[in-house]
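A closer look at the structure
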Amino acid sequence: MRFLLLFSRQGKLRLQKWFTSMSDREKKKIIRDMTTMVLARQARSCNFLQWKDLKIIYKRYASLYFCLAVESQENELLALEIIHRYVELLDKYFGNVCELDIIFNFEKAYFILDEFLMGGEIQETSKQIVNRSIEASDMLQEVRFTDSPCVRREAGF
Amino acid sequence: MSPSVPLQEMIRAIRSARTQCEERGVIQRECATIRAQFRQADNEGRSHNLAKLLYVHMLGYPAHFGQMECVRMIASPRYSEKRVGYLGAMMLLDEKQDASLLITNSIKNDLANSNQYVQSLALCTLACMGSAEMCRDLAPEINRLLRASNSYIKKKAALCAVHIVRKVQDLGELFAPSARCLLTEKNHGVLHGAVVLITELCECNPESLERFRKTVPDLVQIMKGLVISGYSPDHDVAGISDPFLQVRILRLLRILGHNNEAASDAMNDLLAQVATNTDSTKTVGNAVLYETVLTVLDIKSESGLRVLAVNILGRFLLNNDRNIRLVVSQNILTSAATTQKQRISLCIQLYFSFPIPPSRALELSLALVSASNIRSMMKELLSFLSSCPPELRSQTASGIFIAAERYAPSQRWHIDTILHVLTTAGGDVRDETVPNLIQLITNTSELHCYTVHKLYRALHNDISQQPLVQVACWCIGEYGDLLLRGECQEMEPVQVTEDDVLDVLEAVLQSHMSSPSTRGFALTATMKLSTRITENVDRIRSIVSIYGSCIDVELQQRAVEYNALFKKYDHMRAAVLERMPVIEKNSQGHTNGDSTGETIKENLAVKVKQAEPQQAANQVCDLLDLLGGSEPPLQSSPALGSTAPLPVGTAGTAGGDLLDLLGGLEPTAIMPVSVYDKDGVTVTLSCEKQSDSGLSITLTASNSTDSDIRGFTLQAAVPKSVQLHMKAPSGDSLPARGAAKVTQMVVLNNPNKVVNLKMRLRISYTSQGSAVQDTVQVDSFPGLGH
């Protein structure tokens, strides 16, 4: 995977995750291109687009567009599932997630994404494990210092 | 988890700004506050401030002053600050920034932290923006974590290793042993990470690929476990157990099995199992099936398995979900799956009604046409022609003609198809179609009657499609007698009177829709009919004389000449207007339908558009037999490339341009060599190499006897793989005593670089009232070095 973008129907960016190193200007250009391309698509068209040498998979959930760019040898149908899985994770965390949740708690959206994907690949395929990790990290955040005895954990999930 | 109140207040403030200007104002004020607070040494709300800055950054405003703050926050002992700090590092720092190096030490420390969530932050950040130096620095640490930690960390370490290998390929060696061990884990996250890591190692290093082939049995085992296991709530997605892991394993199996018999055998059963057991009602099942099919087609699988895979692809094409149809169609056009095109084509009939771009559908179906499916495919193509967007009609018509020429199962079918195209899309066909079709018609003598009847009917219905009208007029002119005779083997008889025919031709002549060249056809046809009909010759005479004062110069000239034919040269009229001989195509032709009795060798690598069809001209046929071959097999000549989708090459000189594509090298002139010298007639040959595989030969004939020679013709034949094109000779009479010569150019194309190029020449002429015919073989070509 190359990048993941979330933007609203008006083209406002809500989340951006880049899996390869790019300059700021390139990123801005890609965001512009993606939003224009995806927002111009008609309602009943395919969820797949070709853009330069990448395949773009996008899906609209309520007022948000999720746009994922993968390389040509990757499986697009699975990419749709990846997007769906992320939405499910957000939904479980926020409880009936809506765009406002992602706007006001964008850092949480990133934290969840970082438990699900890493370095452009899927990190964890189990929903429950991702959810438990997020909850545990949030709990840890409440404590003042990280080497406090009550939060030491050994066995992972 | 308490949300950051200051952050949310700021977000609210920004969102409530009514104009862009107001928003900028709010943001500037906030940034000023944040900057001031960053400068203070210790601060309670540090993480909130950085989070605010990250939000502002996402809106597109500059935030580089936050970079150092990120570095500081990462080093903080508080988890909340570390978390936001690392997030900031991933958003604001990338490997090109100098500040990124500063966090290397923090990452190293955090990797050794006793708390796995802290470790995870470090791993995640390294995998996201680690530069090559950072990766080199920290690789041993990552390797240690790969081996000895809990599964939560192992899975993250595996993906971190993937990033490191992508950045610094040499480090792949370091991780290979650990990667192998990870395959024994039970945890799906770790397994997934391991498979991704192994895939990456195999892709960048062929030696690793060899070594990892040994893992195929393990992978097969894991996959089997996933496919046949019962419901596992942890990993289930719509009834499929961990589709993400399944797809990754399939992809790795594809890489390992590619070009390797043993590995492919080992995974054969598994792939069959996955292909048959996976539920294809939901997207997720189809994702797995699709990956399976790609794998089957890419490894050395058994034929039974390949059939299964192709059938699945076929079902995909009929699926209601347009995503699947699009993905599969793209794949078929570009990948190895095209080798099974015969079977896939069975599904194409439903394809056209789906909303994939019509140009894609056309490309696809033309690529999939073959001898076995030509009839059904043509039905689809013809219906597509009537409904496709106008900009595609010309391309479709050309594609249909090429496909019809290549695979026509019978001549009647071929003619019918062409007629259909002319009636549906006559205005969009290319100009070469008319002479090509005429040539095709003259060659199928048994169908002359049928053809002319059909054309007459078509013409009767519609005289607006110019190519159709031209062909029809020509045929009516040539075969009008068959038309008037009424009976026809292939169709129900229809009574056509001479008046009817002349009415139609006159309508064409007078119609404002007819182009000048069409009128020319019609006039000539009318004239020809004067020898084929019995009663209405006067009517023809009057038609012709009317056009003697036509404004169009060409028509006027013709009409005047025909008039003269009636008046002064009436005795010659019958001879001039008699049935034309079969037009020989002295250029790249094509094998006609009835020679497809033998198997057609499919040229898999060449798309239909680029095919250069070949034909043995009738006269040259027997010469070729002498050289020891039957009809030349269907060939394409990649060397010739393609600029036009239709075969260029009409009777005569136009075809020569095709071979000029080979030009470019300066031809070197060589001394002519005598190849035939008998009874006072000599033929000399000189050749010039035009290019790597092209040769241009000039044959010069002269007559040293005392009597003139008439009707001098040369014919040539070459070995099977060589292409021959004879240009028109300068003349056909050789006056006595070498008063003048006849020259003829012959162009050869030798793409297969046949050594010992030979050519057989047949020389025929009439001298002193008797016909002479002789054959000579040319074994060596001067200047070629053979």
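Before reading further, recall that the structure is shown in the block above.
This section reports on the structure supplied with the text. This structure is a prediction, so every number in the text was calculated from the model and none was measured. (Residues numbered from 1 in each chain as written. Chains lettered and ligands numbered in written order. Predicted model: local features only at pLDDT ≥ 70, side-chain atom pairs only at ≥ 80, totals over all residues. Heavy atoms only, no water.)

Brief notes about the overall build of chain A
Going by this rule: For the purposes of this entry, the term helix denotes a DSSP run of H or I that reaches at least four residues, the term strand denotes a run of E that reaches at least two, and both are numbered from the N terminus. Under the scheme applied here, a residue whose accessible area is under 20% of the maximum for its type counts as buried, over 50% as exposed, and between as partly exposed, the area being computed with a 1.4 Å probe on protein chains only. Contact between two residues is taken to exist if any of their heavy atoms lie within 4.5 Å; hydrogens are not considered. The method behind every accessible area is Shrake-Rupley, applied with a 1.4 Å probe, and residues are considered shielded solely by the protein chains displayed.
Helix and strand content of chain A: five helices and seven strands. Moving toward the C terminus, one meets the helices and strands of chain A in the order β-β-α-β-β-β-α-α-α-β-β-α. Within the span of chain A, comprising 157 residues, buried residues form 61% of the whole. Here the analysis covers contacts within chain A between residues at least 6 apart in sequence; of these, 47% occur between residues at least 24 apart. Entry remark: accessible area of chain A is about 6,700 Å², with carbon and sulfur atoms responsible for 50%.

Focus: the sheet that holds strand β10 (residues 770-778) of chain B
Residues and elements named next belong to chain B. How we decide: Any two strands between which DSSP finds at least two bridges are classified as paired. All axes are obtained by fitting lines to C-alpha atoms, using only the stretch in contact for helices, and the reported angles, taken between N-to-C directions, cover 0 to 180 degrees.
Here we have three strands laid out as an open sheet, ordered β6-β9-β10, and antiparallel in their pairing. The open sheet is flanked by β6 (709-717) and β10, the only strands paired with a single partner. Sheet twist, expressed as the mean angle between neighbouring strand axes with direction ignored, is 15°. Note: strand β9 (residues 759-767) against β10, nine bridges, orientation antiparallel. Paired with T766 across the bridge in β10 is A771.

Structural notes on the pairing of strand β4 (residues 681-689) of chain B
Residues and elements named next belong to chain B. The pairing of strand β3 (residues 673-678) with β4 spans five bridges and is classified as antiparallel. Bridge assignment links D677 to a residue of β4, and that residue is T682. Connecting β3 to the antiparallel partner β4 that follows it, the hairpin turn spans two residues, and D679 within it adopts a positive phi of roughly 50°. The pairing of β4 with strand β5 (residues 694-703) spans nine bridges and is classified as antiparallel. Bridge assignment links V681 to a residue of β5, and that residue is N703. What sits between the antiparallel neighbours β4 and β5 is a turn of four residues.

Some points on the pattern of salt bridges
Just so we agree on the cut-off: Note on definitions: salt bridges are taken to be side-chain nitrogens of Lys or Arg within 4 Å of carboxyl oxygens of Asp or Glu.
Counted under the stated rule, the structure contains 39 salt bridges over all chains. Here A:E121 makes a salt bridge to B:R248, at a shortest N to O gap of 2.6 Å. Within this pair, whereas A:E121 is found in strand β7 (residues 121-122), its partner B:R248 is found in helix α14 (residues 243-257), the two belonging to separate chains. On the basis of relative accessible area, B:R248 is assigned to the buried category, the value being 8%. With a shortest N-O distance of 2.7 Å, B:D570 and B:R573 are connected by a salt bridge. Taken together, the residues B:D570 and B:R573, both in helix α31 (residues 570-576) and three residues apart, mark about one turn of the helix.

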